[in-house]
Amino acid sequence: MTTKSRARRSAEKYADELIELIRRGFPEAEFELYRRGAGEYDLDVYGEFEDSLPVEELIGDRPTDILLESGIHIHVLPLGRRLKRDS
């Protein structure tokens, strides 16, 4: 009996998947991915939302699924509107 090994996906590919889910509700959202440590990442989400609930509803349990599948923990951080800096 042979088994196929699944190709290991990168954190960036998983983040892209989460971004796609969030863009369904917030197409103008902006994102930044930061590595926190081994297997841990922050995905900052900037958009037109007052609190984190709308974003959490869009991604559901997918971050937990990603952690269980790959050992990669992506913290999705809905931060609202990005503040504009004066130059």
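Scroll up to find the structure.
Residues numbered from 1 in each chain as written. Predicted model: local features only at pLDDT ≥ 70, side-chain atom pairs only at ≥ 80, totals over all residues. Heavy atoms only, no water.

Details of the layout of surface pockets
If you add up the space inside the largest pocket, you get close to 180 Å³. In terms of lining residues, the largest pocket is bounded by eleven residues, among which Glu 28, Ala 29, Tyr 46, Gly 47 and Glu 48 are the most central. Looking at the lining of the largest pocket, its residues break down into four nonpolar, one polar and six charged. (1 Å grid on protein atoms, 1.4 Å probe; cavity = no way out; pocket = protein on both sides within 12 Å on 5 of 7 lines; lining within 4 Å. Points joined across faces, edges and corners; volume = space filled by probe spheres on them. Nonpolar A, V, L, I, M, F, W, Y, C, P; charged D, E, K, R; others polar.)

Describing the side chain of Asp 44
Checked against the element boundaries, Asp 44 lands in strand 2 (residues 40-46). We note that Asp 44 is buried and unpaired, the nearest opposite charge coming from Arg 82 at a distance of 7.4 Å. If we skip the residues at most four places from it in the chain, Asp 44 touches Glu 30, Phe 31, Glu 32, Tyr 34, Leu 77 and Leu 79. (Helix = DSSP H or I, 4+ residues; strand = E, 2+ residues; numbered from the N terminus. Buried < 20%, exposed > 50% of the residue type's maximum accessible area, 1.4 Å probe, protein only. Lys, Arg positive; Asp, Glu negative; His and termini not counted. Salt bridge = Lys/Arg side-chain N within 4 Å of Asp/Glu carboxyl O. Contact = heavy atoms within 4.5 Å.)

Observations concerning the packing of aromatic side chains
Scanning all chains against the criterion turns up one aromatic pair. Geometrically, the ring pair formed by Phe 26 and Phe 49 is edge-to-face, given 5.1 Å between the ring centres and 70° between the ring planes. Here Phe 49 lies in the loop between strand 2 and helix 2 (53-59) and Phe 26 lies in the loop between helix 1 (11-23) and strand 1 (30-37), a separation of 23 residues in the sequence. Each member of the pair, Phe 26 together with Phe 49, is buried. A cation over an aromatic ring shows up here: Arg 9 above the ring of Tyr 14, its NZ or CZ 4.3 Å from the ring centre. The ring of Tyr 46 has Arg 82 lying over it, and the distance from NZ or CZ to the ring centre is 4.0 Å. (Phe/Tyr/Trp six-rings, centres within 6.5 Å; stacked < 30°, edge-to-face > 60°. Lys NZ or Arg CZ within 6 Å of the ring centre and 35° of its normal.)

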